[in-house]
Amino acid sequence: MTADRANPDLLAAHFERLNLIAAWRARLDEALFQILAALAFVGFGLWLMDSWWQLLLSSQTPWAQPWPSALLGMLVCAGFLMQARRFHAQMLKQHQGDWLSALPVAETQRSLARARQRAPRLLILGLAAMLLLLWASWRSPDHSTQLCLALALGISVGALAGAWIPAGTTPPEAAAIGTARQSVPVPDSVSGLPLLGAALEPASARLPKTAPWIGGSFLLFPPSIPVIALLALLVLLSTLSLLIDLVSHWRARYLIDAQWLAAEALTPRRLFAAYLPPLLKRMAIAAAVVCACLHAIGAPLLMTLLVGISLIGAVADAVLCGFATRLQPRRYPLLLMLHAVLVVACLQVLPPAAPIVLLGCAISAWRRGNA
């Protein structure tokens, strides 16, 4: 018996892959369409970024000098090591509450499975980053060789080192999973299905999860930016990251709640409506904060109002996409990409019609969720 078949986690992952391949083969036309749509989305993104490669990799930029290039390479390597720890933490959290945790499976076997499952993810991520770097250097004739070499070394060393971290290494944040859960205060007057929406974690509890994105945003600020604009941009980016995290957190909770309430005679819209009041409230507050930040850095009032309304529409469409794909969660990214491509293409060709296209996408997702 091979090591994969003797390890319960690796054997379960093997059968999950077989089930996924069987599902793809059963819907071959749909799988091919998804692959073509993903390739089209990636190609569209590369086309939008085509003019940036020359600015980022040019030999005339300050970060193309030897010491800054080496520092960027080390930062990329550290990023891959942090991603390896994140993968390890996610798998450890999953192993602490899955069905195999109730069986007498040795921890050494589960630790070996985590290491074996983490390595391919890091290697695939490193290969994708290397291909993107090769594409960017090809599209930038005046690229800095030492900058590209430093980034390539950082990607290679980080991916290889992250893939073979010892299995016994447990991130501190992962070891504390399950012991430091923050309770969500729910008013006594709330009862019934609205309890599900009221139990969503508040923004203060989600801030640590968005801190890396907020910290990374400082790299986008020029040194000569005024203090008031710096504070406004920091609040703006923090609010946008909290909105993205809100949709992700709501969808995870919604899928779990829909599973354990599947035996109840609930229509799809009744369960979905239980989350709407807190979602609408948080979206309105976030849009108001974004409008205030844009107005503080000099944007016209009419423009800020249009941006706020557009932001609410975009978040509402993402929530409706989650509602429409609740029975097939794997289609959620595809539906989001399809709506994003439609709206961006409309902005490129006929910007005034973008709200109509976004409204049509939202109506289509709502009708699909109620079908």
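Structure shown above.
Presented here is an overview of the structure given in this document. (Residues numbered from 1 in each chain as written. Predicted model: local features only at pLDDT ≥ 70, side-chain atom pairs only at ≥ 80, totals over all residues. Heavy atoms only, no water.)

1. Some points on the layout of surface pockets
Test applied: Within this scheme a cavity is a closed region of a 1 Å grid, computed over the protein atoms alone, that accommodates a 1.4 Å probe without allowing it to escape, whereas a pocket is open but has protein on both sides within 12 Å along at least five of seven lines; lining residues each have an atom within 4 Å of a point. Grid points are joined across faces, edges and corners, and a volume is the space filled by probe spheres set on the points. In DSSP terms, a helix is any run of H or I states spanning at least four residues, a strand is any run of E spanning at least two, and both are numbered starting from the N terminus. Only Asp, Glu, Lys and Arg are considered charged in this grouping, and only Ala, Val, Leu, Ile, Met, Phe, Trp, Tyr, Cys and Pro are considered nonpolar; every other residue, Gly among them, is considered polar.
When its volume is computed, the second largest pocket comes out at roughly 310 Å³. If you go around the second largest pocket, the residues you meet are Leu20, Ala23, Trp24, Arg27, Glu30, Ala31, Gln34, Gln328, Pro329, Arg330 and Arg331. Looking at the lining of the second largest pocket, the elements with two or more residues in it are helix H2 (8-26) and helix H3 (28-48). Looking at the lining of the second largest pocket, its residues break down into 5 nonpolar, 2 polar and 4 charged.

2. Some details on the side chain of serine 140
To keep it simple, the criterion reads: In what follows, a contact means two residues having at least one pair of non-hydrogen atoms within 4.5 Å.
By the element assignment, serine 140 lies in the loop between helix H6 (107-139) and helix H7 (145-163). Setting aside residues up to four positions removed in sequence, serine 140 forms contacts with Trp53, Gln54 and Leu57.

3. What to know about the packing of aromatic side chains
Keep this limit in mind: For this analysis, a ring pair means two rings from Phe, Tyr or Trp (six-membered ring only for Trp) whose centres lie within 6.5 Å, classed as stacked if their planes differ by under 30 degrees, edge-to-face if by over 60, and tilted for the remaining angles. The cut-offs for exposure are 20% and 50% of the maximum accessible area for each residue type, with area from a 1.4 Å probe on protein chains only; residues under the lower value are buried, those over the upper are exposed, and the others partly exposed. Note on criteria: charge over ring means Lys NZ or Arg CZ within 6 Å of the ring centre, with the direction from the centre no more than 35 degrees off the ring normal.
Applying the stated criterion across every chain, the model contains 10 aromatic pairs. On the numbers, 5.6 Å between centres and 90° between planes, the contact of tyrosine 254 with tyrosine 275 is edge-to-face. Taken together, the residues span a long stretch of sequence, with tyrosine 254 in helix H11 (residues 227-260) and tyrosine 275 in the loop between helix H12 (268-273) and helix H13 (276-296) at a distance of 21 residues. Under the relative-accessibility criterion, tyrosine 254 is labelled buried at 0%. Relative accessible area serves as the criterion here: at 0%, tyrosine 275 is assigned to the buried category. Within the aromatic cluster, the residues linked to one another by ring pairs are Trp250, Tyr254, Phe272, Tyr275, Phe323 and Trp366. The residue whose ring lies beneath arginine 121 is phenylalanine 87, and the NZ or CZ to ring-centre distance is 5.7 Å. In this structure, arginine 139 is placed above the aromatic ring of tryptophan 138, and the distance from its NZ or CZ to the ring centre is 5.3 Å.

4. Quick look at the nonpolar core
Cut-off, in case you're wondering: Only buried residues count toward a nonpolar core. Its members are Ala, Val, Leu, Ile, Met, Phe, Trp, Tyr and Cys residues joined through side-chain atoms within 4.5 Å.
Counting residues in each nonpolar core, the largest one holds 34 residues, and the members touching the most others are Leu243, Trp250, Tyr254, Leu271, Phe272, Tyr275 and Leu279. Contributions of two or more residues to this core are made by H11, H12, H13, helix H14 (301-324), helix H15 (332-349) and helix H16 (354-370). Here the element with the most residues in this core is H14; it accounts for 8 residues. With sequence-adjacent residues up to four places away left out, tryptophan 250 is seen in contact with Leu200, Phe272, Tyr275, Leu279, Val319, Gly322 and Phe323. Listed in part, the 18 residues of the second largest apolar core include Met91, Ala119, Ala136 and Ala152.

5. Section: a nonpolar patch on the surface
Test applied: Distance thresholds for patches are 9 Å for like charges and 5 Å for nonpolar side chains (Val, Leu, Ile, Met, Phe, Trp, Tyr), applied to residues having over 30% relative accessible area and no salt bridge. Areas reported as accessible are Shrake-Rupley estimates using a 1.4 Å probe. Residue values count occlusion only from the protein chains shown. Salt bridge, as used here, is a side-chain nitrogen of Lys or Arg placed within 4 Å of a carboxyl oxygen of Asp or Glu.
A surface patch of nonpolar side chains, about 520 Å² in accessible area, is lined by Leu28, Leu32, Ile35, Leu36 and Leu39. Mapping isoleucine 35 onto the fold places it in helix H3.

6. Considerations on the packing of H15 against H16
Convention followed: Only the stretch in contact is used when a helix axis is fitted, and all axes are lines through C-alpha atoms; the angle between N-to-C directions ranges over 0 to 180 degrees. Should an angle fall under 35 degrees it is taken as roughly parallel, and over 145 as roughly antiparallel, whereas 65 to 115 is taken as roughly perpendicular and any remaining angle as oblique. For any helix crossing, the convention is left-handed if the near helix is rotated counterclockwise from the far helix by under a right angle, and right-handed if that rotation is clockwise.
At a closest axis distance of 8 Å, the pairing of H15 and H16 adopts a crossing angle of 160°. Judged by the angle between their axes, H15 and H16 are roughly antiparallel. The crossing of H15 and H16 is right-handed. Contacts between H15 and H16 involve Leu335, His339, Leu342, Val343, Cys346 and Leu347 on the former and, on the latter, Ala354, Val357, Leu358, Cys361, Ala365 and Arg368. Of the residues belonging to the contact of H15 with H16, the class tally is 10 nonpolar, 1 polar and 1 charged.

7. Focus on the side chain of serine 58
Mapped onto the elements, serine 58 comes out in the loop between helix H4 (53-57) and helix H5 (66-95). Given the relative accessible area of 9%, serine 58 is considered buried. Every residue in contact with serine 58, bar those within four places of it in the chain, is listed here: Trp53, Ala64, Asp142 and Ser144.

8. Here's the deal with H14
Condition: Helix span, expected: 1.5 Å multiplied by one less than the number of residues in the helix.
Given a rise of 1.5 Å per residue, 24 residues ought to cover 34 Å, and the 35 Å separating the end C-alpha atoms of H14 matches this to within 8%. Every buried residue belonging to H14 is among Thr304, Gly308, Leu311, Val315, Asp317, Ala318, Val319, Leu320, Cys321, Gly322, Phe323 and Ala324, and all of these are buried.

9. Re the pattern of salt bridges
Using the criterion set out here, one finds 2 salt bridges in the structure. The partner of aspartate 9 in a salt bridge is arginine 110, with the nearest N and O atoms 2.7 Å apart. Highlighted residues: aspartate 9 in helix H2 and arginine 110 in helix H6, separated in sequence by 101 residues. For the pair formed by aspartate 9 and arginine 110, the shared burial category is buried. Note that arginine 139 is salt-bridged to aspartate 50, the shortest N-O span being 2.8 Å. On the criterion of sequence distance, the pair formed by arginine 139 in helix H6 and aspartate 50 in the loop between H3 and H4 is long-range, its members being 89 residues apart. Residue arginine 139 is classed as partly exposed on the basis of its relative accessible area of 34%. Of the residues examined, aspartate 50 reaches a relative accessible area of 25% and is grouped as partly exposed.

10. Quick look at the state of the cysteines
The test is simple: Two cysteine sulfur atoms form a disulfide, by the criterion used here, when they sit within 2.5 Å.
If you walk through the whole model with that rule in mind, you get 0 disulfides. The cysteine cysteine 293 is free of any disulfide, with cysteine 291 supplying the nearest cysteine sulfur at 9.3 Å.

11. Some points on the packing of H2 against H6
Relative orientation of the contacting elements H2 and H6 amounts to 45°, with a least axis distance of 8 Å. If you check the angle between H2 and H6, you find them oblique. Two secondary-structure elements touch here, H2 through Pro8, Asp9, Leu10 and Ala13 and H6 through Gln109, Arg110, Ala113, Arg116 and Gln117. The residue makeup of the contact of H2 with H6, split by class, is 4 nonpolar, 2 polar and 3 charged.

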